Amino acid sequence: MSAFTSKYADELIANAAYIGTPGKGILAADESTGTIGKRLASINVENVETNRRALRELLFTAPGALPCLSGVILFEETLYQKSSDGKLFVDILKEGGVLPGIKVDKGTVELAGTNGETTTQGLDGLGERCKKYYEAGARFAKWRAVLKIGENEPSEHSIHENAYGLARYAVICQENGLVPIVEPEILVDGSHDIHKCAAVTERVLAACYKALSDHHVLLEGTLLKPNMVTPGSDSAKVAPEVIAEHTVRALQRTVPPAVPAIVFLSGGQSEEEATKNLNAMNQLKTKKPWSLSFSFGRALQQSTLKTWAGKEENVKAAQEALYVRCKANSEATLGTYKGDAKLGDGAAESLHVKDYKY
Amino acid sequence: MSCFKSKYADELIANAAYIGSPGKGILAADESTGTIGKRFASINVENVELNRRALRELLFTTPGALQYISGIILFEETLYQKTASGKPFVDVMKEAKVLPGIKVDKGTVELAGTNGETTTIGLDGLGDRCKKYYEAGARFAKWRAVLKIGANEPSELAIHENAYGLARYAVICQENGLVPIVEPEILVDGSHDIEKCAYVTERVLAACYKALNDHHAILEGTLLKPNMVTPGSDSKSRAEPKVIAEHTVRALQRTVPAAVPAVVFLSGGQSEEQATVNLNAINQLKGKKPWSLTFSYGRALQQSTLKAWGGKEENVENAQKAFLARAKANSEATTGAYKGDAQLGEGASESLHVKDYKY
């Protein structure tokens, strides 16, 4: 095999497969302190540790939500937090059959000589950090690489840097028992059409899998978190079936069958859009040798946040809103979503923020 | 899409899919004049055009055989030959719903500074040649890249050169209506174990698909012709068909995108029976296999036939029976239904390995 031999191989393979269980997906709750601050600001809530803790407790104890999830991605602070009655969040998740995950990248920096393109940092000491996170209960990790579409972007340089950074991160995770989510996000910003997005996505994903092969990554113990293939945010929208067709074709052309599951990011899509698009993909009749599921942040939490607004008396209703989205996306992984989710306040609202950083 | 827009796109996709039809596979009958000469020498037949024509007619007119064949790879001379009664071979094939294919590479040359590693030549004027072949009835092409396993081989240079040569050939074919078979053969020569072969195969295939993506090839309109994953010919370890199947399919799962419609294995030095039994095991394996898994055999389809024929007219019927038996056996192997009961012709179990094989 070209994969290196990790002592964690069987566990990595089992955990990656579990995350792709039909009917389940990932809640991305790994907003950094800075980013969650923006969310809290939008609902007039102070960005202090108690509030960050309260929000995550609301999410993780929402009745009916955990059965729809196979994993939750956490920010480092959250990995060590507890519920108000003193139970570690990681234990709540584990008891609910949900694998804790951890964001391990340290954000992006610009690549000199490019037109605002970036690379992601976080490789220094990553091995030791992964070890610590594994001991704290984490079983998968996430690292977000970012690319953009423009006249001359993404450049070959930026594709190479981001692909090889992802591959290096992936192997270090596997050496330490964490399933790496490989996330090469191509931002939706721009006025390009869906064909351009498809061409770029295929090019980027091909580069990623070459890099993963070069780095001896065990593909059966990885996950992919790509953007869906859509028109740019400044371009006319298309139907979910069209998005589904272009997305699945791009994946058929680049993602080896050994990868157990693909967990889409929601980008700037509204909650309802993201669910409908995922549903359309799972209804498509064509070769799909990997699970197609979700790893949504904003597209799972938007209504919940608005409903909560930081008030204790709103917790129950906010949890109900989360359950509605979790259930809808769970159905979408099976292609059975009927579009009947009780739309919470803001469910149809676009969550696009230009040049999104978190 | 990252692939280029070919006016032949729909046709390429349909032809590539057809070649992978369950129950069918490819007869590789594209031995160059020099190579077929060696075969003839082994059965004491003179290497003249008449005999080369007679052999191919024997194969292509075997009653009941073509139903198991979706494509036949030809050498250029054969593309223009006819049966004794004057019917062009390509017409015989078309009537039997067999796609004619054409070998387009011009052999290998050594890469300077390497330990005997090679690259394949044939890109010059390839577009014009493909156009001509398409007009003559060809619908797919084949180009053989060769790599070897050694202490320091295959080198990064050899992998890169061969992968990018294959990708360039592939796109030129698609521009001219021919489905390219991408063949990165890793020779079985050596004393390495099956794990080493798996490692190298995965590395080589990953490089091939990166190159194909860089060159904007339409994957749905291509075929892959890889080696199976086996121990080296001088290895002390033998591997059961199931083990070969597991390692082979896993290597493909790790590298071959689902968009590729079919994988058509080369037989390398395997005997007729081994090649069939291994293909059968591959198709019996439970696991993700989003491409057809079939054959593109030369020696492993013709060995018994050649021996039975011996160049004599009176042996044609028996020789055709031998060919039919192998074609049927391999057809069954594509659905995992082969019971090992093909009447073994003389030489069916004989290894066909020739060290450092060139053709």
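Rules of the game
Residues numbered from 1 in each chain as written. Chains lettered and ligands numbered in written order. Predicted model: local features only at pLDDT ≥ 70, side-chain atom pairs only at ≥ 80, totals over all residues. Heavy atoms only, no water. Contact = heavy atoms within 4.5 Å. Buried area = accessible area lost by both parts, 1.4 Å probe. Salt bridge = Lys/Arg side-chain N within 4 Å of Asp/Glu carboxyl O. Polar contact = N/O pair within 3.5 Å; in protein donor to acceptor, adjacent residues only side chain to side chain. Helix = DSSP H or I, 4+ residues; strand = E, 2+ residues; numbered from the N terminus. Nonpolar A, V, L, I, M, F, W, Y, C, P; charged D, E, K, R; others polar. Axes fitted to C-alpha atoms, helices over the stretch in contact; angles between N-to-C directions. Parallel < 35°, antiparallel > 145°, perpendicular 65-115°, else oblique. Left-handed = near helix turned anticlockwise from the far one by under 90°. Buried < 20%, exposed > 50% of the residue type's maximum accessible area, 1.4 Å probe, protein only. Pairing = 2+ DSSP bridges. Right-handed = clockwise from strand over helix to strand, strands pointing away.

(A) Inspection of the interface of chain A and chain B at higher detail. Contact residues are listed per partner, giving 28 residues for chain A and 26 residues for chain B. Here chain A and chain B share an interface that buries about 2,300 Å² over both sides, 56% of which is from carbon and sulfur atoms. Taken together, the connections running from chain A to chain B amount to two salt bridges. As a salt-bridge pair, E220 of chain B and R253 of chain A come within 2.8 Å of each other at their nearest N and O atoms. Our enumeration of links across chain A and chain B arrives at eleven residue pairs in polar contact (both at pLDDT 80 or more). Contributions of two or more residues to the side of chain A that touches chain B are made by α8 (194-214) and α9 (240-252) of chain A. Considering only residue class, the side of chain A that touches chain B consists of 15 nonpolar, six polar and seven charged.

(B) Structural view of the packing of helix α3 (residues 49-60) of chain A against helix α11 (residues 298-308) of chain A. Residue and element names in this part refer to chain A. The contact between α3 and α11 brings their axes to 12 Å, and the two run at 120°. Comparing the axis directions of α3 and α11 gives the class oblique. Between α3 and α11 lies a crossing of right-handed hand. In this structure, α3 uses N51, A54, L55, L58 and L59 to contact α11, whose residues at the interface are Q301, T304, L305 and W308. Classifying every residue of the contact of α3 with α11 gives six nonpolar, three polar and no charged.

(C) Fine view of the pairing of strand β6 (residues 140-147) of chain B. Residue and element names in this part refer to chain B. Taking burial as the measure, the eight residues of β6 include eight buried ones, the bulk of the element. Judged by which residues are buried, β6 turns out to be covered on both faces: F140, K142, R144 and V146 on one side and A141, W143, A145 and L147 on the other are all buried. Summarising the sheet, strand β3 (residues 99-103) and β6 pair through three bridges and their orientation is parallel. Following the sheet pairing, K103 is matched in β6 by K142. In the sheet, β6 pairs with strand β7 (residues 179-186) via eight bridges, with the strands oriented parallel. Opposite W143, over in β7, you have V182 as the bridge partner. Following the chain from β6 across helix α7 (residues 156-175) to the adjacent parallel β7, one finds a crossover that is right-handed.

The values are spatial; any link to function lies outside them.
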